[in-house]
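# Examining the three-dimensional arrangement
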Amino acid sequence: MCQEDELFIQFTKKQFEFFEPYPSVARRFLHVVKRAMEAQSVEEVNEVGLNCREIINDYAQQIYSCEFSTDEVKSGNTKQLLKDTIDYYTAGDKVRPVVTSLNSFVDKITRELHSITHSSSVYPEQAVLAVNLCITLITSIESLVLISERKESPIFEHFGVIKCPKCKSLKLETYSRFDEVHDELYYFVKCKECSWEEWTQ
Ligand SMILES: [Zn+2]
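Residues numbered from 1 in each chain as written. Predicted model: local features only at pLDDT ≥ 70, side-chain atom pairs only at ≥ 80, totals over all residues.

## As for helix H4 (residues 78–90)
In this model, H4 (13 residues) spans 18 Å end to end at C-alpha, consistent with the 18 Å of a helix rising 1.5 Å per residue. Listed as buried for H4 are Thr78, Leu81, Leu82, Lys83, Asp84, Thr85, Ile86 and Thr90. Among the residues trailing H4, Gly92 stands out with phi positive, at a value near 65 degrees. (Helix = DSSP H or I, 4+ residues; strand = E, 2+ residues; numbered from the N terminus. Expected span 1.5 Å × (residues − 1). Buried ≥ 20, exposed ≤ 12 C-beta atoms within 10 Å, placed from the backbone.)

## Some words on unusual backbone geometry
Here the phi dihedral of Lys168 falls at roughly 70 degrees; this positive angle occurs in a residue that is not glycine. The residue Lys168 is located in the loop between helix H7 (154–159) and strand E1 (172–179) in this model. Assessed through the 18 C-beta atoms surrounding it within 10 Å, Lys168 is described here as partly exposed. With phi around 70 degrees, Ser195 is a residue other than glycine that occupies positive phi space. Summarising the element assignment, Ser195 is placed in the loop between strand E2 (184–191) and strand E3 (197–200). The class of Ser195 is exposed, set by 10 C-beta atoms lying within 10 Å.

## Observations concerning the sheet that holds E1
Taken in spatial order, the three strands make up an open sheet running E1-E2-E3, and their pairing is antiparallel. Looking along the sheet, the strands with just one partner apiece sit at the ends: E1 and E3. Neighbour-to-neighbour, the strand axes of the sheet open up by a mean angle of 20 degrees, direction not taken into account. In the sheet, E2 pairs with E3 via four bridges, with the strands oriented antiparallel. What sits directly across from Tyr187, in E3, is Thr200. (Pairing = 2+ DSSP bridges. Axes fitted to C-alpha atoms, helices over the stretch in contact; angles between N-to-C directions.)

## With respect to the domain arrangement of the protein chain
Split by domain assignment, the protein chain resolves into domain 1 (3–152) and domain 2 (158–200). Taking only C-alpha atoms into account, the centre of domain 1 sits 30 Å from that of domain 2. The residue inventory of the side of domain 1 that touches domain 2, partitioned by class, reads two nonpolar, one polar and three charged. (Domains from an automatic or database assignment. Nonpolar A, V, L, I, M, F, W, Y, C, P; charged D, E, K, R; others polar.)

## A few points about the packing of helix H3 (residues 42–63) against helix H6 (residues 125–151)
Contact pair H3 / H6: the axes reach a minimum separation of 8 Å and the direction vectors enclose 15 degrees. One way to sum up the angle between H3 and H6 is to call them roughly parallel. In the crossing of H3 with H6, the sense of the turn from one axis to the other is right-handed. Two secondary-structure elements touch here, H3 through Glu44, Val45, Val48, Gly49, Cys52, Ile55, Ile56, Tyr59 and Ile63 and H6 through Gln126, Ala127, Ala130, Val131, Leu133, Cys134, Leu137, Ile138 and Leu146. Grouping the constituent residues of the contact of H3 with H6 by class yields 15 nonpolar, two polar and one charged. (Parallel < 35°, antiparallel > 145°, perpendicular 65-115°, else oblique. Left-handed = near helix turned anticlockwise from the far one by under 90°. Contact = placed C-beta atoms within 7 Å.)

Laid out in structure tokens, this is it:
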């Protein structure tokens, strides 16, 4: 394998790491990459567009918490789920200037994917475009918004979460307990909403 190929594979793997915290998103994504490489007919390209919309909706539902919004957002409203998440994590933050562009990016990408899904005059290249839009949106939100959020969170450092994995609440509390019998210190994280709990040493 030549050096360029090697480098390209490394880069692709690096991008795929953004998907790994979300196993169902990662699985669907691998599936759609294969479909996009094979897509020839209008129907096949439409289907890739639809799959990409489903991936982004799945991702949006996983990063969203109902505590981000004052009004109820329906789980199918991908755009609003993403925008409320972006707004929440960037409120008053140094990355604030990128928020407006990130929000209009969400609009553009969802619009483009909608058109790829429903248009009867699409080209096979648009299947690849749909996959690229999907990658761009998710890696942008992950790298601009969620990485800084995780870095500043001691809970993430110890438990790998920034909100409850069960009910998505942000109301997590931590405490530690010393076990004198085993002479070990244990750290706990607990969700105040649903009582989900996890511990580590
Ligand atoms: Zn919970």
